[in-house]
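Chain by chain, the residues run as shown.
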Amino acid sequence: MPVALNPLARAKQLSSSVKVTDTSLRDGQQSIWATRLRIEDILPIAEKMDQAGFYSMEVWGGATFDSCLRYLKEDPWQRLSLIKERIVKTPLQMLLRGRNLVGYKPYPPDVVETFVTKSIESGISIVRIFDALNDTDNMAQAIEVTRRQGAHPQAAIAYTTSPVHTADAYVDLARRLQELGAQSICVKDMAGLLPPTDAFLLISRLRNALRIPVQIHSHCTSGMAPTTYLMAVRAGAAIMDTATSPLSSRTSQPATETMVAMLRNTQWDTGLDLGVLSQVVKYFENIRAKYLKYETSFTNADINVLNYQLPGGMISNLEEQLKEQGAIGRLDEVIAEVPRVRKDLGYPPLVTPTSQIVGSQALLNVMMGERYKVITNEVRNYVRGEYGSPPAPIHADLKKRVETESPEKRESPLDLRQARETQPMVRADTRTALSYVLFPNETLQFIRNREESSTIDETALVAAISYSVTRNGRA
């Protein structure tokens, strides 16, 4: 059924001048705790967060779907339903990779249609839709389905810098997304590349060119994000993304409490309750010890990110791969190779899946001692256009080399009919069939584990549901 709560109506209900989307339960924990935050540690604080007065809460999508199946042994659909039961006032938001959904390759139209529909039926009110190449063809269907299902389609511009990425190009892109039916635009700065002065100019131009609100999303990797937010707000950004302080800063978003305090008693006052936010902070501080082994080692701002442009999660991934090869001392070489590979591939923004495509090829180039001695299948597919249209032409030699190779035989993603026909274990439930299409091996293993034990640790879940922040006097 269509979502009853209209996010635009919700925005009008709030008295604050600038709205806040809380990212703690999705991008915050993805950036700081490697997407390992478990449902039993979400439910105890969910109702308190619902009282804070957020415009929306980003709780699903991105890497959370994959992580639930792969690492947490949780059903991502059940996770969303449980969160929705506890958060009843604040619209729930998810991040969707256009045709890639929450996976790493383009999926058939019937899968896109059904996945978006089921996400909304399960409690999502706002779908933030982006494409790693800013290819509007990859975003159009998800925008259309979201609107048709009565939810709010927000189109995100993957922000990056290169000779072909200009303010004019971003404004033109935003106009096209508005014409496709986007009801708001998010400037998605996934690596903290957007300087404050550029943010003021870009947001100003977007506000003048569009009829719909503009939201700002950035990461603190370079250290500029809090000031970038202030300038974006001054230029007319209606909403900003923040995370509670234990899950903020470093490679995550600016801290919610800090931004709220900075804007208090100004014309941009958010109106959020700092008392409630303080309880939320204490709760996450109390459970932090459980997740320290996953916590990012990135502690200092790194202005070099303006050159290599990798999101923090991809840097951690490269570190792990080099450690496995006994070559952690070559990390600087790999990072230096990243901009060269990115240029060869036509300057794609480095966000999932292009950050993985570029990062993995850079790693191979360094470890093999010769550039493109081995070319990954993902790079081949990218060059052949399977991920969409690159922002600039691909290097001629690389393109020619890939095009003259004999394409390897590989299977296309299943559609839902094929999934049900080929795998009896997923026939009974559409959501499970969707999980199987996106992550077949992980889903089958999850189903087998579920048959042997409950989906979620029942003792932990009961304790979470019975938990009360006010009664216990701690958050």
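Residues numbered from 1 in each chain as written. Predicted model: local features only at pLDDT ≥ 70, side-chain atom pairs only at ≥ 80, totals over all residues. Heavy atoms only, no water.

Visitor: Would you mind going over the layout of surface pockets in detail, with residue names and values included?
Guide: Estimated volume of the second largest pocket: approximately 270 Å³. In this structure, the second largest pocket is lined by 14 residues; those nearest its centre are Leu133, Asn134, Leu173, Arg176 and Pro391. Classifying every residue of the lining of the second largest pocket gives eight nonpolar, four polar and two charged. (1 Å grid on protein atoms, 1.4 Å probe; cavity = no way out; pocket = protein on both sides within 12 Å on 5 of 7 lines; lining within 4 Å. Points joined across faces, edges and corners; volume = space filled by probe spheres on them. Nonpolar A, V, L, I, M, F, W, Y, C, P; charged D, E, K, R; others polar.)

Visitor: Quick rundown of the side chain of Asp27? Include the residues and the values.
Guide: Looking at where Asp27 falls in the secondary structure, it is placed in helix α2 (residues 24–32). Judged by its relative accessible area of 4%, Asp27 is buried. Polar contacts involving the side chain of Asp27 include one to the side chain of His217, which spans 3.4 Å. At a separation of 3.1 Å, a polar atom in the side chain of Asp27 contacts the side chain of Gln253. Contact partners of Asp27, with chain neighbours within four places excluded, come to Glu58, His217, His219, Ser252 and Gln253. (Helix = DSSP H or I, 4+ residues; strand = E, 2+ residues; numbered from the N terminus. Buried < 20%, exposed > 50% of the residue type's maximum accessible area, 1.4 Å probe, protein only. Polar contact = N/O pair within 3.5 Å; in protein donor to acceptor, adjacent residues only side chain to side chain. Contact = heavy atoms within 4.5 Å.)

Visitor: Could you give me a rundown of the packing of helix α20 (residues 430–438) against helix α21 (residues 440–452), with the residues and numbers involved?
Guide: Closest axis-to-axis distance for the α20/α21 pair is 5 Å, and the angle between their directions is 135 degrees. In terms of orientation, α20 lies oblique with respect to α21. Contacts from Thr432, Ser435, Tyr436, Val437 and Leu438 of α20 reach α21 at Pro440, Thr443, Leu444 and Ile447. Among the residues forming the contact of α20 with α21, the class breakdown is six nonpolar, three polar and no charged. (Axes fitted to C-alpha atoms, helices over the stretch in contact; angles between N-to-C directions. Parallel < 35°, antiparallel > 145°, perpendicular 65-115°, else oblique.)

Visitor: Before we move on, could you go through helix α9 (residues 196–209) and cite the residues and values that matter?
Guide: Counted at 1.5 Å a residue, the expected span for α9 with its 14 residues is 20 Å, and the 20 Å between its end C-alpha atoms agrees. Of all the positions in α9, only Pro196, Ala199, Leu202, Ile203, Ser204 and Leu206 are classed as buried. Where α9 is buried, its residues contact α8 (167–180), β6 (184–189), β7 (214–218) and α10 (225–235). (Expected span 1.5 Å × (residues − 1).)

Visitor: Which residues make up empty space enclosed by the protein, and what are the values?
Guide: By the definition in use, this model includes two cavities of 30 Å³ or more. The calculated volume of the largest cavity comes to roughly 50 Å³. Lining the largest cavity we find Leu69, Asp75, Pro76, Trp77, Asp429, Arg431, Thr432, Ser435, Thr443, Phe446 and Arg450. Within the residue set of the lining of the largest cavity, elements represented by two or more residues are α5 (76–86), α20 and α21. Considered class by class, the residues forming the lining of the largest cavity number four nonpolar, three polar and four charged. Taken as a whole, the second largest cavity spans an internal volume of roughly 30 Å³.

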